[in-house]
Amino acid sequence: MLIDKGSDFDHQDLTFDEIDEGFTTKEAIKEAKRCLNCQKPLCRTGCPIENEIPDFIQELAKGNLGQASAVIAHRSNLPAVCGRVCPREKQCEAACILNKKGCGIKIGKLERFIADFDAEMDISVLTKKNVEKGKVAVIGSGPAGLTVAGDLAKLGFRVTVFDGQAEPGGVLMYGIPEFRLNKEVVRREIRRIERQGVVFQTNVLIGRDLTVDELFSQGYDAIFIGTGTALPKTLEIPGKNLPGVIQATYFLGMVMLANHGGIASLEVPVHKGDDVIVIGAGNVAIDAARTALRVGAASVTVVYRRTVANITALQSEFEGAQSEGVQFQWLTNPVRYVGTDRVTGLACERQIMTDDGKLQGSGQVEILSANKIIVAVGQRPAARIVSTTAGIEVNQAGFVVTKDRPYGMTTRHGIFAGGDVVHEPATVVLAMKEAKKVASGLAQYVEAKRLMEECGLAMTDTRQ
Ligand code: FAD
């Protein structure tokens, strides 16, 4: 098998502290002053939510930090998060003209600096709108739900966000590990959205504690579903139910709970001294691998059936994992979990990649030993809401079907959806991009509905 050995890094040095410490004030202003303020800002077109990048950088360069933060707030409710976890090397930073000279502006770090500075110094003004354009329920408080809630609150809607978890934030809180995204940063961003009038109700699982129809009967004009992809996909190979085979998202959520006192650390399914295999090579797999090292695993090996050129994880993430000591086995296809009472290994068939990029089994099978195997091969939406609500169509894979007019409305009138539950697992900023479009479609719908009601008419759905 093709093996990339990790470095000789001492795993015991790894902690959950944020790895990247960000800019100091001096560094941030120096970096901002390098921006050419191009007439045609390619960085802005590189950003999925079209953040007003040159404008906030210019304000920062002049030392106007409150104004810089206000400029960012035109487009984003989650700047401190995006400044940390956006795949910026493929987006705004890739588009920066200075990249051609190998010295592109570090836009993500500048956005992060402004958001952190504002949060610490409380310099930008956040107000509640004193109008009531409509009452909206948002289900799910990940990036999609938070974006819809923040955008609608700014427009004057009364918004309540419901989430089944104990704390809002979705994957930002329970998925992306602390060493990449400090949880206090997520809480801070949510508090800013709250200050704009949004109400959060946690530990409320819609479809179990309350139904969508009950929400309508409480007087909501429209409902947004941003419930993400809660169900992990399994690898359908023999032995999949053996103890010791763990889902990556479950593992990451348990580690977050243990780090914050929600559960005892013994309940985390990976322990000191474990030999761990991670299956998959996306961001979730790499996060799980790096987290396993931090909870004390003796060894962590990522197995992937393709090559390093095909991984979907960010290059920086992959390099981080390598430098911390994660090993990688390429062209390695799992065919069976090994073990009787518990998992003791993974049988893998060596793959051969043909010249046209197709994979072929070589027939050569090797058993890699491990007492914990973490599976990170994708997620799909849960059916809890669609199975308890009439009229919401999903596609064959369970993703909610929406339409373009009004943007983001499902096949049931007044119910909208966006983020991963519609577009499949993607990125924070892509969930935000879609959610922004849905927020505006939903606002148009509620405006029309209220106007009809003022005329003594009701919005009817001819399809029901
Ligand atoms: P989610 O964030 O999944 O939020 C859905 C919310 O809905 C959850 O809070 C859930 O509790 C709630 N919910 C679900 N069902 C119900 C119900 N019935 N009732 C009430 N509440 C409900 N993207 C990046 O850009 N950069 C990264 O570095 C990155 N790393 C990642 C690492 C991991 C481990 C994972 C899992 C994902 C990562 N992503 C990353 C992807 C990104 O986090 C997701 O694309 C994004 O969070 C999707 O947002 P969402 O709002 O659609 O869903």
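Refer to the structure printed above.
In what follows, the accompanying structure is described. (Residues numbered from 1 in each chain as written. Predicted model: local features only at pLDDT ≥ 70, side-chain atom pairs only at ≥ 80, totals over all residues. Heavy atoms only, no water.)

## Quick look at the pairing of strand 3 (residues 158-162)
- Where burial is concerned, most of strand 3 is hidden: four out of the five residues are buried.
- Here strand 2 (residues 135-139) runs beside strand 3; their pairing, made up of five bridges, is parallel. The residue of strand 3 that forms the bridge with Ile139 is Phe162.
- For strand 3 and strand 4 (residues 199-201), the ladder comprises three bridges, and the chain directions are parallel. Considered in strand 4, the bridge of Thr160 is made with Val199. (Buried < 20%, exposed > 50% of the residue type's maximum accessible area, 1.4 Å probe, protein only. Helix = DSSP H or I, 4+ residues; strand = E, 2+ residues; numbered from the N terminus. Pairing = 2+ DSSP bridges.)

## Thoughts on the site of the ligand
- In the vicinity of the ligand lie 33 residues, with Val85, Asp163, Arg180, Ile206 and Val428 positioned nearest.
- One of the backbone N or O atoms of Gly164 is found 3.1 Å from a nitrogen atom in the ligand.
- For the ligand, an oxygen atom lies 2.9 Å from a polar atom in the backbone of Val428.
- Secondary structure elements with two or more residues in the shell around the ligand: helix 8 (143-155), helix 13 (283-294) and helix 16 (428-454).
- Residues belonging to the shell around the ligand are distributed by class as follows: 17 nonpolar, twelve polar and four charged.
- If you count residues domain by domain, the shell around the ligand takes at least three from each of domain 1 (2-13 + 236-375) and domain 3 (135-230 + 381-454). (Near = heavy atom within 4 Å. Polar contact = N/O pair within 3.5 Å; in protein donor to acceptor, adjacent residues only side chain to side chain. Nonpolar A, V, L, I, M, F, W, Y, C, P; charged D, E, K, R; others polar. Domains from an automatic or database assignment.)

## Considerations on helix 3 (residues 53-61)
- Among the nine residues that make up helix 3, seven are buried, leaving the element largely enclosed by the rest of the structure.
- Positive backbone phi, at 85°, marks Gly63, one or two positions downstream of helix 3.

## Things to note about the environment of Ala258
- By the secondary structure assignment, Ala258 is in helix 12 (residues 248-259).
- Of the residues examined, Ala258 reaches a relative accessible area of 19% and is grouped as buried.
- Remark: the alpha-carbon pair of Ala258 and Glu319, spanning 61 residues in sequence, is separated by 27 Å.
- Among residues more than four places away in sequence, those in contact with Ala258 are Ile263, Ala264, Ser265 and Val268. (Contact = heavy atoms within 4.5 Å.)

## What about the environment of Ile374?
- Mapped onto the secondary structure, Ile374 falls in strand 14 (residues 372-375).
- The exposure class of Ile374 is buried, given its relative accessible area of 0%.
- C-alpha of Ile374 to C-alpha of Ala248: the two residues are 126 residues apart in sequence and 5.5 Å apart in space.
- Not counting residues within four places of it along the chain, the set of residues in contact with Ile374 comprises Ile246, Gln247, Ala248, Phe251, Val270, Val276, Ile277, Val278, Ile279 and Ala288.

## Re the sheet that holds strand 12 (residues 345-353)
- Spatially, three strands are ordered 11-12-13 in an open sheet, and the strand pairing comes out antiparallel. Of all strands in the sheet, those with a lone pairing partner are strand 11 (332-338) and strand 13 (359-369), marking the two edges. Within the sheet, the average angular offset between the axes of one strand and its neighbour, ignoring direction, is 25°.
- Sheet topology note: the strand 12/strand 13 ladder contains eight bridges and is antiparallel. (Axes fitted to C-alpha atoms, helices over the stretch in contact; angles between N-to-C directions.)

## Considerations on the sheet that holds strand 16 (residues 415-417)
- Read from one edge of the open sheet, five strands run 4-3-2-5-16, paired in parallel fashion. A single partner strand is all that each edge strand has here, and the edge strands are strand 4 and strand 16. Here the strands of the sheet are splayed against their neighbours by 20° on average, with no regard to which way each runs.
- Bridge analysis of strand 5 (residues 222-225) against strand 16 gives three bridges, and the strand direction is parallel. Counted as the bridge partner of Ile225 is Ala417 from strand 16.
- Seen against the sheet, helix 16 touches strand 2, strand 5 and strand 16 and runs at an angle of roughly 165° to strand 5.

## A closer look at unusual backbone geometry
- Between Arg405 and Pro406 the backbone carries a cis peptide bond, its omega angle lying at -10°.
- Within the secondary structure layout, Pro406 lies in the loop between strand 15 (379-380) and strand 16.
- Phi is positive for Glu50, which is not a glycine, with a value near 50°.
- Structurally, Glu50 is set in the loop between helix 2 (42-46) and helix 3.
- Relative accessible area serves as the criterion here: at 44%, Glu50 is assigned to the partly exposed category.
- Positioned with a positive phi, Asn203 is a non-glycine residue whose angle comes to about 55°.

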